[in-house]
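If you want the building blocks of each chain, they are given just below.
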Amino acid sequence: MYENMPFVLYVDMDYFYAACEEARHKELKGKPLVVGTAPESEKLRGVVQTANYEARKYGIHSGMPNIKAFDLYKELNYLHSDEEHYEEVSRGIMKLLKESGRPVEVISVDEAAMDITGLSENEALELAKRIKSDILKGFGLTCTIGIGNGKAFAKMASDKAKPDGLMLVRAQDLKNFLKSCSLEKLPGVGAKTFERLKEMHIETIEQLAAKDPMVLIDAFGSAGKELYMLANGIDESKVVENSEILSIGRETTLKSPVSTVEEAMPALRDLTKQVMKEVEKNGFLFKNIGAKVRYTDFSISVKSYSLHNYTNSEDEVIKRIVPMIASLLKNGPARKVGVRVSHLIKTKGQKKLF
Ligand code: DCP
Ligand code: MG
Ligand code: MG
């Protein structure tokens, strides 16, 4: 059964944004710290992007309004997010992982999966220890590594071993490992799916695994089959090698808040031009176009559109970005807008496709 499942080493950085800040502000190490979306002068208005483990002890977590975080602990240290810096650190870490010579899939700014099929379990553990120590030496950051047969299970192991951990799920232990994880930890079970499953009286991975797959397919379509397979310890998805640059985005603060997409057009055209310049410089094609607004109350909303085919067409970006921004502006005026393209692949020596 395991023949088709890649042996995977999965890296997830610990409290990533806050850890990057601790690495360059040594005086903050060991003190509760939050990185959030609002500038320090208006810190009560934004939301928490991440909290270090000292701050998590007070119940503070990603997505929580800053004002609530300060309620929970008033001596909290706070820094305004510097995403460009975190992305630069991320690129360095991904480069280090790729130097292993094995296929690496960059999953997010702080996560990557490496295909280590062919290694023994002990060799995998040795490699993981070396990676942890190289990342610590090179960047002053800790990470947690999960190892297992199948990307999903390696990721779940990394979740479980956090922070600064290392966990190998041996093939013969996979079933028991899955039993020990709560249902919402299964990749693909988001808040909505979790609620739907609960209505169907499925509250554990074990119950999901025992369900008639046809019932799950009726309820969730092909995602239902996927859930059934995962719950039964099967994940044949491949580690797909990709660029360490996950996306290219630009955003800008507007001179005055805008309420309509017409008012935002000059900024959107300019941002799109900047993004496309970077896309061309790298010889990328993209498949996903994202729009972002930061409202006057500092909250952020994003929308994205997936194309059927890869492209590098500027017109396509404008065509997709306009309705997304228009729809986001229905919720209120924005003081910042952003354009991003993602799902990148490299074209070899091809400058312009369309
Ligand atoms: N992030 C964000 N907003 C969220 C969640 C996350 O901006 N609602 C950003 C900040 C995180 C980074 O993404 O540092 C990585 O997210 P993770 O879910 O991996 O969380 P952390 O790395 O912060 O913590 P952990 O140690 O639990 O992995
Ligand atoms: Mg992380
Ligand atoms: Mg992560």
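These figures come from a predicted structure and were not determined experimentally.

Student: Sorry, what's going on with the environment of Ile-248 here?
Tutor: Along the chain, Ile-248 falls in strand E9 (residues 247-258). On a C-alpha basis, the gap between Ile-248 and Gln-274 in space is 9.6 Å, while along the polypeptide they are 26 residues apart. In contact with Ile-248, other than residues within four places in its own chain, are Val-275, Glu-278, Val-279, Asn-282, Phe-284, Val-339, Arg-340, Val-341 and Leu-344.

Student: Teacher, can you tell me more about the site of ligand 1 here?
Tutor: Taken together, 14 residues are adjacent to ligand 1, and Tyr-15, Thr-50, Tyr-53, Arg-56 and Asp-110 come closest. Residue Asp-12 places a side-chain N or O atom 3.1 Å away from an oxygen atom belonging to ligand 1. Those elements that provide at least two residues to the shell around ligand 1 are strand E1 (7-13), helix H1 (16-24), strand E3 (48-51) and helix H2 (53-56). Class assignment of the residues belonging to the shell around ligand 1 gives a composition of five nonpolar, three polar and six charged. In this structure, the shell around ligand 1 is formed jointly by two domains, domain 1 (7-13 + 102-175) and domain 2 (17-83), each of which donates at least three residues.

Student: For this particular structure, what's the right way to read the coordination of the magnesium ion (ligand 3)?
Tutor: When a metal carries six donors in an octahedron, the ideal angles between them are 90 or 180 degrees, while four donors in a tetrahedron ideally lie at 109.5 degrees. Bound to the magnesium ion (ligand 3) are the protein donor atoms Asp-12 (OD), Asp-110 (OD) and Glu-111 (OE), situated 2.0 to 2.7 Å from the metal. Between the donor residues of the magnesium ion (ligand 3), the gaps in sequence give the motif D-x97-D-E. A distance of 3.3 Å spans the gap from the magnesium ion (ligand 3) to the magnesium ion (ligand 2), which Asp-12 bridges by coordinating each metal. Here Asp-110 matches Glu-111 in class, with each residue buried.

Definitions and cut-offs
Residues numbered from 1 in each chain as written. Chains lettered and ligands numbered in written order. Predicted model: local features only at pLDDT ≥ 70, side-chain atom pairs only at ≥ 80, totals over all residues. Heavy atoms only, no water. Helix = DSSP H or I, 4+ residues; strand = E, 2+ residues; numbered from the N terminus. Contact = heavy atoms within 4.5 Å. Near = heavy atom within 4 Å. Polar contact = N/O pair within 3.5 Å; in protein donor to acceptor, adjacent residues only side chain to side chain. Nonpolar A, V, L, I, M, F, W, Y, C, P; charged D, E, K, R; others polar. Domains from an automatic or database assignment. Donors = N, O, S within 2.8 Å, 3.2 Å for Na, K, Ca; no water. Buried < 20%, exposed > 50% of the residue type's maximum accessible area, 1.4 Å probe, protein only.

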